Every structure is written in structure tokens, then in C-alpha cells.
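Given next are the chains, with one letter for each unit.
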Amino acid sequence: VLFGLVVVGAPEAAAQPSDLVVVSGTVVDSLSAGPVRLAAVRVVESGRSQLTTDEGRFRLELAPGRWTLDVRRVGYLPVAVPLVLAADSVQLVVHLVRRPLELEELTVTAEDDPAERIIRRAIAAKRDALDGLRDYEHQAFVRLLIRDLTKSADSAESILAITESRVDASWKHPGRYQERIIARRQSGNIPADNNVVTIGELLNFSRDRIELGPHQLPSPIADDAPRHYRFRILDTLRLDRGLTYRLALEPRSDAAPAFVGVIDVLDSTYRVLTIDVGLNPAAQLSPLVNVRYRQLLTEGQGGLWWPQQIRFSAELAFKVPLPGVPRRLGLEHIATLGPFDVDRGVARDFHYRIMVAPDADRADSARWREVAGPPLTPVEARAWVRIDSIADRRRGPIRQLLRLVLDGVVDARGADFFHFNRVDGAYLGASVLEPLGNDLRLAAKLGYGTSSDRAQYRVGTDFGIPPSRDLWLGWRLHDETMTRPTLPSQGRDATLKALVARDPFDYYRERGLVLSADARLIGPVRVGADYRDARQTSLPLSSDY
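Residues numbered from 1 in each chain as written. Predicted model: local features only at pLDDT ≥ 70, side-chain atom pairs only at ≥ 80, totals over all residues. Heavy atoms only, no water.

Right, let's talk about a nonpolar patch on the surface for a bit. Judged by side-chain polarity, Leu446, Tyr457, Val459, Phe463, Ile465, Leu471, Leu473, Trp475, Leu477, Leu513, Leu515 and Tyr531 come together as a nonpolar surface patch covering roughly 1000 Å² of accessible area. Taken together, the elements giving at least two residues each to the nonpolar patch come down to strand S24 (454-464), strand S25 (471-484) and strand S26 (506-522). Examining the composition of the nonpolar patch, we find that four residues originate from one element, S25, more than from any other. With respect to the helices and strands, Leu477 occurs in strand S25. (Patch = residues over 30% accessible without salt bridge, like charges linked within 9 Å, V, L, I, M, F, W, Y side chains within 5 Å. Areas by Shrake-Rupley, 256 points an atom, 1.4 Å probe, with all protein chains shown as cover. Salt bridge = Lys/Arg side-chain N within 4 Å of Asp/Glu carboxyl O. Helix = DSSP H or I, 4+ residues; strand = E, 2+ residues; numbered from the N terminus.)

Let us now look at the pattern of salt bridges. Enumeration over the complete set of coordinates arrives at 41 salt bridges. Residue Asp70 pairs with Arg72 through a salt bridge whose shortest N-O separation is 2.5 Å. Here Asp70 falls in the buried class, since its relative accessible area comes to 10%. Overall, Arg72 belongs to the partly exposed group, its relative accessible area being 27%. Residue Asp518 pairs with Arg526 through a salt bridge whose shortest N-O separation is 2.6 Å. A residue is classified by how much of its surface remains accessible, and Asp518, at 27% relative accessible area, is partly exposed. (Buried < 20%, exposed > 50% of the residue type's maximum accessible area, 1.4 Å probe, protein only.)

Within the secondary structure, Tyr531 is located in strand S27 (residues 525-538). Along the backbone, Tyr531 and Ala517 are 14 residues apart, and their C-alpha atoms lie at a distance of 9.0 Å. When residues no more than four places from it in sequence are discounted, the contact partners of Tyr531 are Leu513, Val514 and Leu515. (Contact = heavy atoms within 4.5 Å.)

What follows is the structure in C-alpha cells.
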């Protein structure tokens, strides 16, 4: 129970994603015109809120109609912004005026601070709820979005990749945690085997310290949180769940890494409803900036309050441009959690691990309906179609040839690009193993030995058998120099050894055809078989090295 986002009874939730209007803007200081970070932007009619980024930016999606934004920050006068939304997106600049401070002589004790009294009772309620908890199980839906922040957020080109997973998770006292991906899907530019996106260890909320990169940050509801944070009452909200206190939290010292943001506490039971936090300047996670963590909780089995939605977002800002990589990337990790089963007696013995079910890539629709995540926005839906269409697009023969040559040149470390031995002399060439779709791969090699004055080649394809592609069939037609290891050749680099001492390998020429089959039997166990019909001949020496 670490931190969160308020999404309670929003009337715009009934609207279809295509009907929503994007409201974005910047909150600035009226005197300096500089951005105001971590200002709370709240939709009065729904209670939905958001904190501004380090650049003072915010972004909301609302249904057409009349709305009011309440913008607040400690040390500033609150501002109400009325909106009348039609179909077009809206850009705002909100100016906050600094609040004049008038101090009177006061005597303050810890008991007289209402915000600290509220947070201490919330910490006690959390401690009582977690005492005696032995284990739990739950389901979850997880989505990861990668965005190009140098492009317009309304453009499908701004979204670079999307993954989705259906997860079953288990926790067992004192800190054993397991997640099993039972269904997964991803945009066409991500291989399925690379999609192991899960919730992560965010649910180990018995900890008082949160590990974030190299830092150990005090949790906003740690037992000793009042020693590290100052709490102030920002507002009192009347939500569907009852009267709720919205508290601002700020670190008592900016020298230590800590969180900054807001926390909502229910008046009747002092349960934490949401926490929405960023990081103070001392918590540096370069190249990550604008790190935000939001968590929404709801009452569940046994009267405990469980995470219902978790959102983690950050920006990757590269000081030195990387070839082919946007200068600013955005990461957004969203997890929606299903019902929790408490103290059922989790019998499995594990520590921390992530597993993937064998049929995760061909799961039926019933698994996806068990826990529904937030629907894709229109931009995200268009981006997914766009990425898949590009990934599936067949390349023309000229583009495929250029790709083959470029791939071989880029992989200059490989022996298929350059090597030196006592039968080929100096060899130059290129090779590639290029996917041409989800179930077809092209394998090719072309090169020339300068001393042997002989061209070498290898060409073939691999076919994955649908629907699971657990069985691959392939063929190779080749005429190339082959090596046979000798006693002194173990761990040797043939090129370097041939140039400075003595070539440690034996060589021969092979021409012929190879047929292959490769199948997954159980879990990670694979079995392969080759049939080789080839002619092998000796090769004369062409170099004195």
C-alpha cells in the first residue's frame, strides 16, 4: 500500500473512448512564469485528480460538457477553471498566485496537528490490517506503453510499443512472491519471448522502505513516516465512500531521497484510499525523470484494503543522442488487480520468481475477461494497428538485399563478416538471420576468401508451424569452409592466433544440403534433429601464417 491515483465515480467513465476530449495544459507561477510542479489538478464534478510534472504539465481526458478544474498547490491561492468542452482538444495555461503568509504567535504540539493525527491513525489501521496476514493470491491485468515524447501525444506515431499480460500472483509470509503469466499479447515489433512484463514486487506493502534504484525511500505510510514527512490538509472531499481527507506530504529534509505528493484517507475508518507521489530532487534516477507512482485501493476480503490499480510512469531523457532512439521516451506501466484470496494456505514454496505458462501466447478470450484493464484510447488502438501493419509488411527484394548486407556489416564482430585463417587468407562477407514474418525466417551468408580466391555462400529458410510455432522446420544449401576443433583450439580466437602465432584449427570444404527440425517438448526442453547430405573435401594451404 504505497502510493496512488484517484479515480472514483467519474461521470466521464460512461463515455466511449472515442468521445473523450483531451484537456492538457501547464500550471505556472504568476510572478516568475516558471512551471509549478506537483500542483494538484482536480475535476470538481468527479473527484478525479492529477499532479503536474516537473515542467508543470497535466493531461486529462473528459467527456464533452461543463466541467470545473480546481488547481491547488501549497503556498499558492487555489484557482477554479470552468470548462465547456466540445469535440476539440483544449490547451490551458493556469496561473497560480502566491499566498501571502501572515504568522501569529502559536504554540503547536504533535497532538494539535490534525494532519499528523490523521496519518498516525491511518498507519495504525494499516498495521492492524497486516498483522497476522500469512498469504494471498490474486489476478491482474498489466499493460506497458512506450512513447516517443518528441511527437504529438494525439499522433499514433508517438506510441512505439505496447504489451499486455494476464497474471496470477501469490504472496507468502515473510516475503515470498511469485507471478505467472497465463496470457500475453504485444505489438508486432516485440517478440513474444521478450514480453515478460508483470506487476513486479510493488505489492510487498509490509515494507516501510521502498527500493527505487539505488535509494531506500520511506513509505508515506511507514510506521515512522511522520519523522520523514510533513503532512498538511489540502481539502476535504465528499466521495461515494464517504468523507475523505486529502493530505499533502513533503519531506522534512530535501537532503534525503523521499516522496512528494498527496494521500487520501477515509474519515470513518482511516483507511488509505489513494496515494499519488513523485520524487524530491535528492532522489536522482538518471536517465529517469518525472517519475510518478499512483495507487488506488479498495475494500476487499476480510475488511482489508487492497490495491485496485497501480500506475507507474517515467520519462527517459538521454543527454547523448542514441542512433535511432528518440531523445525523450515515456514509460507507462498500468496494473489492474482482481479479487484477493486471503489466507488460503499457499502451499507452494518459492522466493521471488516470474513464470510463463506454456500456452500463454495462445490463450483464449476467457482469460482476458477475468480481469479487465482500462480500454485502449483511440490513439493507442490506432498505434497498435499501425505497428502491426509495419511489422507484417513484406519487404521488396531490393530492401531485403540491402538489409542483408547492412546487417552483416553492422555485425562486424562476427566471423562471417571478417576472419583470417590459413586456407581462406583474409575473408570478407556478410550474413543474416532475418525474420520475414511471425513464422518465417531467412538465413543467408555470402563471402569471399582473398587468398583461396573462392566464393562461399549459405542460404535457407526456417518455417514455424502454426498456431503455436513450437515446431520449426528448416533447410540450408551451402558451400563454405568448415572448421574441425583440435586439442589446442579450445577457447581460441582463430584470426588473432593465425596472425600472431599459429592457426589452431583444421579446415575442410563442405558443399551440400541440410534439413532440420526443432520442437519444444515440455516447458524449456527443446529437441532438434538434422539430416545432412554433403560432400567434404580437403583444402590446400594459402597462407604461411
